[in-house]
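Structural description and commentary
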Amino acid sequence: MSVPFVDLVGQFEDIGDEVMQAMERVMRGARFILGEEVEQCEAAFAQFCGVPHCVGVANGTDALHLALRALDIGPGDEVITAANSFIATAIGIASVGATPVFVDVNPQDYNLDVQYLEAALTPRTKAILPVHLYGQTADMDPILEFAKKHGLLVIEDACQAHGAQYHGRPAGSFGDAACFSFYPGKNLGGYGDGGAVVTHRDDVAKKIRLLRNYGQKQKNDFTCLGFNSRLDTVQAAVLLVKLRYLEQWNEARRISAGLYGEALADCDLVLPQEMPGRQHVYHLYVVQHEERDELLRTLTGKGIQCGIHYPTPIPHTLPFQGARMVPDGVPVCTELSRRIVSLPMCPKLTPQQILRVAETVEAFQPSASGVAS
Ligand SMILES: Cc1ncc(COP(=O)(O)O)c(C=O)c1O
């Protein structure tokens, strides 16, 4: 039995009729750019996140770029962020000419370690950009408190955390702005690229609406230098259908995580922890193993698709070489990047598939040479 990492084919079998009807309505109406489904999707997702505004954009990277630009972050400004994330987090910061400062993550939730905020602060610090990685929010209370004390902006990277909660509040409802990706494999994903910025700030929403559409207030009324970064009407129509299932799908992920926890309890792995007061939505189910590379080869060889999120801390990648790290280097993130593996996780994962993964991990015997047999 092979186990896919994510089963989008199976998901389409469940919701295909609804999706096709929604897409057909867009085709027949021919409002492909900023059609009514975009507004409907924005309203529904804003409500889901518990904020008054959502602005659909072309992808999550653009959501970060436009949110930072709308908040007037630019050259000379420093933005504190986590070393452990997809590189797009840092690309968003660099794309406005600001400087990312990478802080290490904590070994419990793998998110930005708040004990380093003080050391990361300089007179140039303008914002903190925490990432809610793998589907669990960062520790937002101390981050918000620190930001308030020092007059910093907060932008959440919630690209992996649709529906996650922190003390009962949804991811995306904490910062001056929060950024989401609707990349197909996300907990809420389209059939192509998509993204959104959500915010409780009227001024930020207004600015991003301009920025995403060439800086136009109305047709040919150009009020600022803008970009072309709109959420497609077709994607909005798909997302509207999928949003109705998101809570149910997140619950299925949480049940699968519980089953993994039981099935893997006696294996030589470090399992993910749901922190007190947080609701994890398991975008990824990330475990640690001392012989990660060999385990990964064994699982892959037996048809169990896995991933590594992420194999290189962002400040160790070529584009961000020389960036400041706090503390000196990012030892926890570096160690994690050597030990972590993401096991299959999606709402369609079955208990049988989970058992198959667990049996394979249990039977795994690392060889002394580190080469899988
Ligand atoms: C944490 C994080 N930030 C940003 C992004 C960028 O989103 P996108 O791929 O939609 O540009 C992603 C997704 O790939 C992500 O996982």
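Scroll up to find the structure.
Remember, it's a predicted structure, so these values are computed and weren't measured experimentally. (Residues numbered from 1 in each chain as written. Predicted model: local features only at pLDDT ≥ 70, side-chain atom pairs only at ≥ 80, totals over all residues. Heavy atoms only, no water.)

So, on to the overall build of the protein chain. Of regular secondary structure, the protein chain possesses twelve helices and 15 strands. Here the C-alpha radius of gyration of the protein chain, 21 Å, is about what a compact globule of 373 residues would show, namely 21 Å. A principal-axis box enclosing the C-alpha atoms of the protein chain has dimensions of 65 × 55 × 35 Å. Evaluated residue by residue, the protein chain yields a buried proportion of 57% over its 373 residues. Considering only contacts within the protein chain whose residues lie at least 6 apart along the sequence, 73% involve residues at least 24 apart. (Helix = DSSP H or I, 4+ residues; strand = E, 2+ residues; numbered from the N terminus. Rg over C-alpha atoms; globule rule 2.2 N^0.38 Å. Buried < 20%, exposed > 50% of the residue type's maximum accessible area, 1.4 Å probe, protein only. Contact = heavy atoms within 4.5 Å.)

What follows concerns the site of the ligand. Around the ligand, a shell composed of 15 residues is seen, among which G60, T61, D157, S181 and K186 lie nearest. Q160 has a polar side-chain atom sitting 2.9 Å from an oxygen atom of the ligand. Within the contact set of the ligand, an oxygen atom lies 2.7 Å away from a side-chain nitrogen or oxygen of S181. Here the ligand, which alone exposes 380 Å², has 92% of that area covered by the protein. At the level of secondary structure, the elements contributing two or more residues to the shell around the ligand comprise α3 (60–70) and α4 (88–94). Element by element, the count of residues in the shell around the ligand is highest for α3, at three residues. Tallied by class, residues from the shell around the ligand come to six nonpolar, seven polar and two charged. (Near = heavy atom within 4 Å. Polar contact = N/O pair within 3.5 Å; in protein donor to acceptor, adjacent residues only side chain to side chain. Areas by Shrake-Rupley, 256 points an atom, 1.4 Å probe, with all protein chains shown as cover. Nonpolar A, V, L, I, M, F, W, Y, C, P; charged D, E, K, R; others polar.)

Let us now look at the packing of helix α2 (residues 36–49) against helix α8 (residues 233–243). For the pair α2 and α8, the least separation of the axes is 8 Å and the interaxial angle reads 40 degrees. By the angle between their directions, the pair α2 and α8 is classed as oblique. Regarding α2 and α8, the two cross each other, and that crossing is left-handed. Here α2 contributes E37, V38, Q40, C41, A44, F45 and F48 to the contact with α8, which in turn contributes T233, A236, A237, L239, L240 and L243. Taken together, the residues of the contact of α2 with α8 sort by class into ten nonpolar, two polar and one charged. (Axes fitted to C-alpha atoms, helices over the stretch in contact; angles between N-to-C directions. Parallel < 35°, antiparallel > 145°, perpendicular 65-115°, else oblique. Left-handed = near helix turned anticlockwise from the far one by under 90°.)

To continue, consider the sheet that holds strand β4 (residues 125–129). Ordered in space as β1-β9-β8-β5-β4-β2-β3-β14, the eight strands form an open sheet in which the pairing is mixed. With one partner strand each, in any of the chains shown, β1 (53–57) and β14 (325–326) form the two edges of the open sheet. With three bridges connecting them, strand β5 (residues 153–157) and strand β8 (residues 177–181) associate as parallel partners. Within β8, the residue paired with E156 across the bridge is A178. Here α2 sits on the sheet and contacts β1, β8 and β9 (195–199); the angle it forms with β1, its principal contact strand, is near 125 degrees. Across the face of the sheet, helix α6 (residues 140–150) comes into contact with β4 and β5 while running at roughly 150 degrees to β5. (Pairing = 2+ DSSP bridges.)

The next thing to look at is the sheet that holds strand β7 (residues 169–170). Strands sit in the order β7-β6-β12 across an open sheet of three strands; the sheet is antiparallel. The two strands at the open ends of the sheet, each matched to only one other strand, are β7 and β12 (278–279). Bridging between strand β6 (residues 165–166) and β7 involves two bridges; their strand directions are antiparallel. Bridge assignment links Y166 to a residue of β7, and that residue is R169.

What follows deals with the environment of G97. Along the chain, G97 turns up in the loop between α4 and β3 (99–103). On the accessibility criterion, G97 (35% relative accessible area) is partly exposed. C-alpha of G97 to C-alpha of H53: the two residues are 44 residues apart in sequence and 26 Å apart in space. The contacts of G97, once residues within four sequence positions are left out, are G74, P75 and G76.

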